[in-house]
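Architecture and fold: a report
Below, each chain spelled out in residue letters.
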Amino acid sequence: MKNILLATLTFSISTAAFSQQTHQAKMIDSYVKEAMKNNKIPGLALGIIKDGKVIFEQYYGTENLEDLKKVSPSSMFRVYSTSKLVTNVGIFQLIEQGKLSLEDHVSKYVENLPKEWQEIKVKNLLTHSSGAPDVIAFNDISADDSNAKVIERLSKEKMDFTTGNEFRYNQTNYMLLTMIIEKITGQSCDNYIINNQLSDVKNQVFFSSNPLEKIPNRVQKYNYNNSTKQYEKITFNDGLRAHSGNGLAITLPAFLKWSSHLSNNDLLTQKTKEMMWKPFDYGNKKDVFAYGWEINKSNGILSYGFSGGNVSAYRIFPQNNMAIILMSNGYNFFPAQYHMVNHIASIMDKNLTDAYSIAEESIIAAFAKANNPNAEKNYFTIRAKNPKWDFEGTLNNLGYILMRNSRTDEAIKVFELNVKEHPQSGNAFDSLGEVYFNAKNYPLALKNYKKSLELNPQNMNASNMIIKIENLIAQKD
């Protein structure tokens, strides 16, 4: 009798768990389709691992808009800066092997660094606290330039800030990490990462930061052209040195397998992962970031990840033994990757609900719909329930997106809403002045720029625009 009862109980628990997973899968599928519709995402792949098992793996939309080929398990999405995660793991594998230290100076591995860069350590590259000039900020640096030539060019620029003081996202850091990996291993960075992390899926991955390179099944990113109202394939080539920072193309099954290896301590020991996910101690005591990983917290539960190109994201929840992978190929309104991952996490576990993120997503979705009469009402309903929440940045971003989409009247309403909600914000009035200026309503543009300058006397943009508008008005008179 006891064995029968245990068997019945086990069966009941298994059935309940299966039923819950089925319900969650339906909710996630429905949500993803709605989010893709709201953001007009052409194609997307989504995978979830829980307790060592792939419990959700789905493919949506099209790989490309030229032949409408469907997204599938063979689709290799370029994940852009999410590529940095495999580079981070590669660096910590070398640390684990005793071949590298976070405290090593970069100059130990890279020759002819500028004098101002001598204090930069490996830890500063991973935490974007190096202060070195960002390679992508200079148009005279070519994708084909050698690393030595790039360093020589950057040596002519001043440091952005004192090494270790703050976080500032910077692609030079990953160029230098690439050089360190290649110096230590004697391999190309691409081969080192594939051989040590992706060897069992090597036919499902490829490194290339050149979108024009022909790679079978690689999904390209589309940017939405607000003038033509059409998606356009990106064509900018970042070159070989960018592979470690933005060049990984990978299928969802391969990414899921990599994530399983990471969770199972096949790539790094638990102790090393904890070191990698430890918050860096920035000099300004404000910024929060781990060693190459973003740190997120929902209701006290920590998770780690990164995103790339506003089209991909990875998040691992160690406490929940869960990871979420999202890869897409474009959007036409608001970058959706963070909101989608947060929302999916909340469906998987209500304890992971980020209520602010879900509310923000609702506000964005409402304003995304053209001339939606309920958008502002939805905003005030959310604010009434959560009066301490501040959406100044969200409204400001929404206003600019609407303005870029030639939805000027709607942009004005959003910027007006923002100044109403934030009457002491010089930036909110500056943005309202800008939209009125673009609409050629110079009197109202002038009024709002003056208010912005009154609130923030250091606002040189407002100061310059006031002079410009007064001259335009004088010419008309």
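Computed from a predicted structure; not experimentally measured.

For the chain, the helix and strand inventory stands at 17 helices and twelve strands. Projecting the C-alpha coordinates of the chain onto the three principal axes gives extents of approximately 90 × 65 × 50 Å. Looking at the chain residue by residue over its 477 residues, the buried ones come to 52%. Pairs at least 24 apart in sequence give 65% of the contacts found in the chain among residues at least 6 apart. Put simply, the chain shows about 22,800 Å² of open surface, and 51% of that area lies on carbon and sulfur atoms. Between the centroid of the 53 positive side chains of the chain and the centroid of its 48 negative side chains there is a distance of 4 Å.

In contact at an axis separation of 11 Å, helix H2 (residues 84–96) and helix H5 (residues 172–185) are set at 40° when each is read in the N-to-C sense. Considering the angle they form, H2 stands oblique to H5. Note on packing geometry: the crossing formed by H2 with H5 is left-handed. In this structure, H2 uses Lys 84, Thr 87, Asn 88, Ile 91 and Leu 94 to contact H5, whose residues at the interface are Tyr 174, Leu 177, Ile 181, Ile 184 and Thr 185.

Here six strands make up an open sheet; going across it, the order is S2-S1-S12-S11-S10-S9 and the pairing antiparallel. Sheet topology places strand S2 (53–61) and strand S9 (294–298) at the edges, where each strand pairs with a single neighbour. Each neighbouring strand pair of the sheet contributes to a mean axis angle of 15°, computed without reference to strand direction. Bridge count between S9 and strand S10 (residues 301–308): five bridges; the pairing is antiparallel. Each bridged residue has a counterpart across the sheet, and for Asn 296 the counterpart in S10 is Ser 303.

Let us now look at the pairing of strand S1 (residues 43–50). Taken residue by residue, a regular strand's side chains alternate between the two faces of the sheet. Along S1, seven of the eight residues are buried, which leaves the element largely enclosed by surrounding structure. The turn joining S1 and S2, which pair antiparallel and follow one another in sequence, is formed by two residues; a positive phi near 55° is taken by Asp 51. Across seven bridges, the pairing between S1 and strand S12 (residues 322–328) is antiparallel. Its bridge partner lying in S12, Ile 49 is registered against Ala 323.

Moving on: the side chain of Glu 360. You can see Glu 360 is positioned in helix H11 (residues 355–368). Buried and unpaired, Glu 360 has no salt bridge, with Arg 315 as the nearest side chain of opposite charge at 11 Å. Contacts of Glu 360, omitting those with residues within four sequence positions, involve His 339, Phe 391 and Thr 394.

With that out of the way, let us pick up the pairing of strand S6 (residues 222–225). Bridging between S6 and strand S7 (residues 230–233) involves four bridges; their strand directions are antiparallel. Bridge assignment links Asn 225 to a residue of S7, and that residue is Gln 230. A loop of four residues connects S6 with S7, the two strands running antiparallel in sequence, and Lys 229 in this loop sits at a positive phi of about 60°.

Tallied over the full model, the rule gives 21 aromatic pairs. Their ring planes at 10° and their centres at 5.5 Å tell us that Phe 255 and Tyr 314 sit as a pair that is stacked. Of this pair, Phe 255 sits in helix H8 (residues 252–263) while Tyr 314 sits in strand S11 (residues 312–317); the two residues are 59 residues apart in sequence, bridging distant segments of the chain. Each member of the pair, Phe 255 together with Tyr 314, is buried.

Okay, the nonpolar core next. By size, the foremost hydrophobic cluster in this structure holds 73 residues, and its most contacted members are Leu 176, Trp 258, Trp 293 and Tyr 314. Among all residues touching Leu 176, those that are not within four sequence positions of it are Val 106, Val 110, Leu 113, Trp 117, Leu 125 and Ile 151. Core analysis: the second largest hydrophobic core is formed by 38 residues, Phe 367, Ile 412, Ala 428 and Leu 446 among them.

Tracing the sequence through the fold places Lys 369 in the loop between H11 and helix H12 (375–385). Lys 369 sits in the partly exposed class, given a relative accessible area of 46%.

A few words now on the environment of Ser 19. With respect to the helices, strands and loops of the structure, Ser 19 is situated in helix H1 (residues 2–39). On a C-alpha basis, the gap between Ser 19 and Gln 475 in space is 72 Å, while along the polypeptide they are 456 residues apart.

Moving on, we come to the packing of helix H13 (residues 392–404) against helix H15 (residues 426–438). It is at 11 Å that the axes of H13 and H15 come closest, and there the two elements cross at 10°. Relative to H15, H13 is oriented roughly parallel. Of H15, the residues touching H13 (which contributes Glu 392, Asn 396, Tyr 400 and Met 403) are Asn 427, Ala 428, Ser 431, Glu 434, Val 435 and Asn 438. Split into classes, the residues belonging to the contact of H13 with H15 amount to four nonpolar, four polar and two charged.

Let us look at the sheet that holds strand S5 (residues 218–219). In space, the four strands of this open sheet follow the order S4-S8-S3-S5, with mixed pairing throughout. This sheet does not close on itself; its edge strands, each paired only once, are strand S4 (205–207) and S5. Pairing analysis gives two bridges linking strand S3 (residues 76–78) to S5, with the strands arranged parallel. Bridged to Phe 77 within S5 is Val 219.

Moving on to H8. The end-to-end C-alpha distance of H8 is 16 Å, a good match for the 16 Å that twelve residues give at a rise of 1.5 Å each. The N-capping residue of H8, defined by a side-chain oxygen 3.1 Å from the backbone nitrogen of Ala 254, is Thr 251.

With that out of the way, let us pick up the pattern of salt bridges. Per the stated rule, a full pass over the model turns up 17 salt bridges. The shortest N-O distance in the salt bridge between Glu 66 and Lys 233 comes to 3.6 Å. Of this pair, Glu 66 sits in the loop between S2 and S3 while Lys 233 sits in strand S7, and the two are 167 residues apart along the sequence. Here Glu 66 falls in the exposed class, since its relative accessible area comes to 53%.

About the cut-offs
Residue positions are counted from 1 within each chain, in the order its sequence is given. In keeping with the model being predicted, local features are shown solely for residues with a pLDDT of at least 70 and side-chain atom pairs are shown and tallied solely at 80 or more, while totals for entire chains, interfaces and linings include all residues. Side-chain calculation: all heavy atoms of the structure are included, whereas hydrogens and water are not. Under the DSSP-based scheme used, a helix requires at least four consecutive residues in state H or I and a strand at least two consecutive residues in state E, with every element numbered from the N terminus. Each residue is assigned to one of three classes by its accessible area relative to the maximum for its type, calculated with a 1.4 Å probe on protein chains only: buried under 20%, partly exposed between the two thresholds, exposed over 50%. Whether two residues are in contact is decided by their heavy atoms, any of which lying within 4.5 Å being enough. Computed with the Shrake-Rupley method and a 1.4 Å probe, the accessible areas treat only the protein chains shown as cover for residues. None of His or the chain ends enter the tally, which takes Lys and Arg as positive and Asp and Glu as negative. One atom stands in for each charge, and that atom is NZ of Lys, CZ of Arg, CG of Asp or CD of Glu. To obtain each axis, a line is fitted to C-alpha atoms, and for helices this fit is confined to the stretch in contact; angles are then taken between N-to-C directions over 0 to 180 degrees. Our angle categories are set so that under 35 degrees counts as roughly parallel, over 145 as roughly antiparallel, 65 to 115 as roughly perpendicular, and the remainder as oblique. Take the far helix as the reference: if the near one is turned anticlockwise from it by less than a right angle, the crossing is left-handed, and if turned clockwise, right-handed. Here, any two strands with at least 2 DSSP bridges between them count as paired. One side-chain nitrogen of Lys or Arg within 4 Å of one carboxyl oxygen of Asp or Glu is enough to make a salt bridge. Stacked, edge-to-face and tilted labels apply to pairs of Phe, Tyr and Trp rings (six-membered ring for Trp) whose centres lie within 6.5 Å, assigned for plane angles under 30 degrees, over 60, and everything in between, in that order. Side-chain atoms within 4.5 Å link the members of a nonpolar core, which is a set of buried Ala, Val, Leu, Ile, Met, Phe, Trp, Tyr and Cys residues. Side-chain classes follow a simple rule in which Ala, Val, Leu, Ile, Met, Phe, Trp, Tyr, Cys and Pro form the nonpolar group, Asp, Glu, Lys and Arg form the charged group, and the remainder, Gly included, forms the polar group. A helix is expected to span 1.5 Å for every residue after the first. We define a polar contact as two N or O atoms separated by no more than 3.5 Å, with the added condition that, inside protein, one atom must be a possible hydrogen donor and the other a possible acceptor, whereas residues neighbouring each other in sequence contribute only through side-chain atom pairs.

Taken by themselves, the reported measurements are silent on function.
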